[in-house]
Amino acid sequence: MEIRMSEFNCSPLCALPKAHIAFAESSTQVSCLNQPPRLWLAYQLQATGKVTTTISMGGPKDVDLAVKAAHEAYEQRWGLKVPGSERGRLLMKLASLVEDNLEELAAIEALDNGAFPISFGTCFAESHLIILSGKTFSWAKTVDVPASVQCLRYYGGWADKNHGKVIEVDESKLAYTRHEPIGVVGQIIPWNFPLMMMAWKLGPALATGNTIVLKPSEFTPLAALRMVSLIEAAGFPPGVVNIVNGYGATAGNAISSHPNIEKVAFTGSTLVGRKIMEVAAQTNLKKVTLELGGKSPNIIFDDADVEQAVDWAAHGVLYVPATCLDISHALISTPPVGITAKPAARELESSCTRRSMTSSSQNSPPRRSRSKSATPLVETPTRVLRSRNCSST
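Please read these numbers as outputs of a predicted model, since none were measured by experiment.

## Looking at the overall build of the protein
Inference 1: The secondary structure content of the protein amounts to 11 helices and 17 strands.
Inference 2: The 393 residues of the protein split such that 50% are buried.
Inference 3: A total of about 18700 Å² of accessible surface is found on the protein, and carbon and sulfur atoms cover 56% of it.

And the structure:
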């Protein structure tokens, strides 16, 4: 699949406000091959009210085109036709290009992450996303982008070290195993760490010779689209990596059910993970890898330092409710002497307030809150402290 991009001009930026301005003044339109887009997704920058970019949303037909391109690339230009050393070189080159564009990608991550849909429409109708406070530029610059570089380099070094084995039997036989690529793999990633999730999915699949059809989250497609040009610049053959934007019910379902996709990897909610397993089983029994959001507890024992326990529980509640590390509740074995559940809950709430007022805090966007109303922080009979923003990826 070819993705045409026009005027995607985010020059390297050193501060988030400049990133907002530069990106707001650019205009990005993405279309798949020569298919006229039927549905477009528009992003609106809250600070200025301007529509910053429009993204075409793909469906089953677009996924089918991408799978055909990926299959052709696998048979003719990738897979076993390219040795592991060459695949590793290309991954190393891609890692270097991501590193060279660190500030630009960090700016896109900060701008991209934290949007939620207000309305949708066709043909540039009033369909906007409003940008909320989410990932900070400094965090993306110091964590997300460098971690993505490290991941790509790790798998670049591993690409020519994935070996089979020779099995000892007897002198009349030679028994061995050979590791071969699966073929065309589908990948569906969430919104909370767009670039890192993409690197985690691309790295091992490309290192082992697979071709890819990847769907980024409809909330955060921009980093994936920017990566398209870097993948091309690194020298990957056409069709090896294919990006299809779209909703889970359309593009995501098409990837999960496509008969020519041999494996699907998904990071997201448990509910959607179940549906993907069901669809995969009903079609071609494709392999499925799932990384699903959980309900992670803090377990506080009776000999714990209460102040530290409460402060770290608050850190987990406030800092990571948008990740798979969601600290959704605390399990207290026996309340320490002088501390009961209700005072601990009040201290937790106070600690949350202090952290939320700190300028360096990075709070998650509220769009993934499971409930519209606040959940009680404490349930005294079971002594369980609960987060008010219990979400999973």
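Back to the write-up after that little detour.
## A few points about the nonpolar core
Inference 1: The biggest cluster of nonpolar side chains holds 51 residues, and the ones touching the most others in it are Leu94, Val98, Met198, Leu202, Leu206, Phe236 and Ile243.
Inference 2: Counting only elements with at least two residues in this core, the list comes to helix H3 (84–100), helix H4 (102–112), helix H5 (137–158), helix H6 (194–207), strand S10 (211–215), helix H7 (222–234) and strand S11 (241–243).
Inference 3: Residues contacting methionine 198, with those up to four places away along its chain left out, are Ile189, Leu214, Ala224, Met227, Ile231 and Ile243.
Inference 4: With 15 residues, the next largest nonpolar core counts Ala70, Ala251, Ala254 and Phe266 among its residues.

## Let's talk about helix H8 (residues 248–257)
Inference 1: All of the buried residues along H8 are Ala251, Gly252, Ala254, Ile255 and Ser256.
Inference 2: Buried residues belonging to H8 abut helix H2 (60–76), strand S9 (184–188), S10, strand S12 (263–268) and helix H9 (270–282).

## With respect to the sheet that holds S11
Inference 1: The strand order across the open sheet built from 5 strands is S11-S10-S9-S12-S13, with neighbouring strands paired in parallel fashion. Looking along the sheet, the strands with just one partner apiece sit at the ends: S11 and strand S13 (287–292). Between one strand axis and the next, the sheet turns through 15 degrees on average, direction left out of account.
Inference 2: Pairing of S12 with S13 involves 6 bridges; the strand directions are parallel. Within the sheet, the bridge partner assigned to lysine 263 lies in S13 and is lysine 287.
Inference 3: The sheet contacts of H9 involve S9, S12 and S13, and relative to S13 the element is tilted by about 175 degrees.

## What about H4?
Inference 1: Among the 11 residues of H4, 10 are classified as buried, and the element is accordingly described as predominantly covered.
Inference 2: Of all the positions in H4, only Leu102, Glu104, Leu105, Ala106, Ala107, Ile108, Glu109, Ala110, Leu111 and Asp112 are classed as buried.

## Overview of a nonpolar patch on the surface
Inference 1: Taken together, Val166, Leu174 and Tyr176 make up a surface patch of nonpolar side chains, about 390 Å² in accessible area.
Inference 2: Within the element layout of this structure, valine 166 appears in strand S7 (residues 166–167).

## Side note on the confidence of the model for the protein
Inference 1: Averaged over every residue, the pLDDT of the protein is 74; residues scoring 70 or more account for 64%.
Inference 2: In the model, residues 355–361 has pLDDT below 50 throughout and makes 8 contacts with residues more than four positions away in sequence or in other chains.
Inference 3: Across residues 363–393, confidence stays below pLDDT 50; counting only partners more than four residues off in sequence or on other chains, it has 95 contacts.

## Observations regarding the packing of aromatic side chains
Inference 1: Scanning the model with the defined rule gives 3 aromatic pairs in all.
Inference 2: Ring centres of tryptophan 78 and phenylalanine 236 lie 5.7 Å apart, and the angle between their planes is 50 degrees; this geometry places the pair in the tilted category. Of this pair, tryptophan 78 sits in the loop between H2 and H3 while phenylalanine 236 is found in the loop between H7 and S11, placing the two residues 158 residues apart along the sequence.
Inference 3: A relative accessible area of 1% places tryptophan 78 in the buried class.
Inference 4: Note on phenylalanine 236: relative accessible area 7%, which makes it buried.
Inference 5: Ring centres of tyrosine 155 and tryptophan 158 lie 5.7 Å apart, and the angle between their planes is 70 degrees; this geometry places the pair in the edge-to-face category. Of this pair, tyrosine 155 and tryptophan 158 both sit in helix H5, 3 residues apart, which is roughly one turn of that helix.
Inference 6: Note on tryptophan 158: relative accessible area 32%, which makes it partly exposed.
Inference 7: Through a chain of ring-to-ring contacts, three or more aromatic side chains come together here, namely Tyr154, Tyr155 and Trp158.

## Things to note about the pairing of S9
Inference 1: Counting buried positions over the 5 residues of S9 gives 5, a clear majority of the element.
Inference 2: Neither face of S9 is open: one carries Val184, Gly186 and Ile188, the other Val185 and Gln187, and all of them are buried.
Inference 3: Where S9 and S10 come together, 5 bridges link them in parallel fashion. Considered in S10, the bridge of glycine 186 is made with valine 213.
Inference 4: In terms of handedness, the path from S9 via H6 over to S10 forms a crossover that is right-handed.
Inference 5: Across 4 bridges, the pairing between S9 and S12 is parallel. The partner of valine 185 across the bridge, within S12, is lysine 263.

Conventions used here
Residues numbered from 1 in each chain as written. Predicted model: local features only at pLDDT ≥ 70, side-chain atom pairs only at ≥ 80, totals over all residues. Heavy atoms only, no water. Helix = DSSP H or I, 4+ residues; strand = E, 2+ residues; numbered from the N terminus. Buried < 20%, exposed > 50% of the residue type's maximum accessible area, 1.4 Å probe, protein only. Areas by Shrake-Rupley, 256 points an atom, 1.4 Å probe, with all protein chains shown as cover. Core = buried A, V, L, I, M, F, W, Y, C linked by side-chain atoms within 4.5 Å. Contact = heavy atoms within 4.5 Å. Pairing = 2+ DSSP bridges. Axes fitted to C-alpha atoms, helices over the stretch in contact; angles between N-to-C directions. Patch = residues over 30% accessible without salt bridge, like charges linked within 9 Å, V, L, I, M, F, W, Y side chains within 5 Å. Salt bridge = Lys/Arg side-chain N within 4 Å of Asp/Glu carboxyl O. pLDDT = per-residue confidence, 0-100. Phe/Tyr/Trp six-rings, centres within 6.5 Å; stacked < 30°, edge-to-face > 60°. Right-handed = clockwise from strand over helix to strand, strands pointing away.

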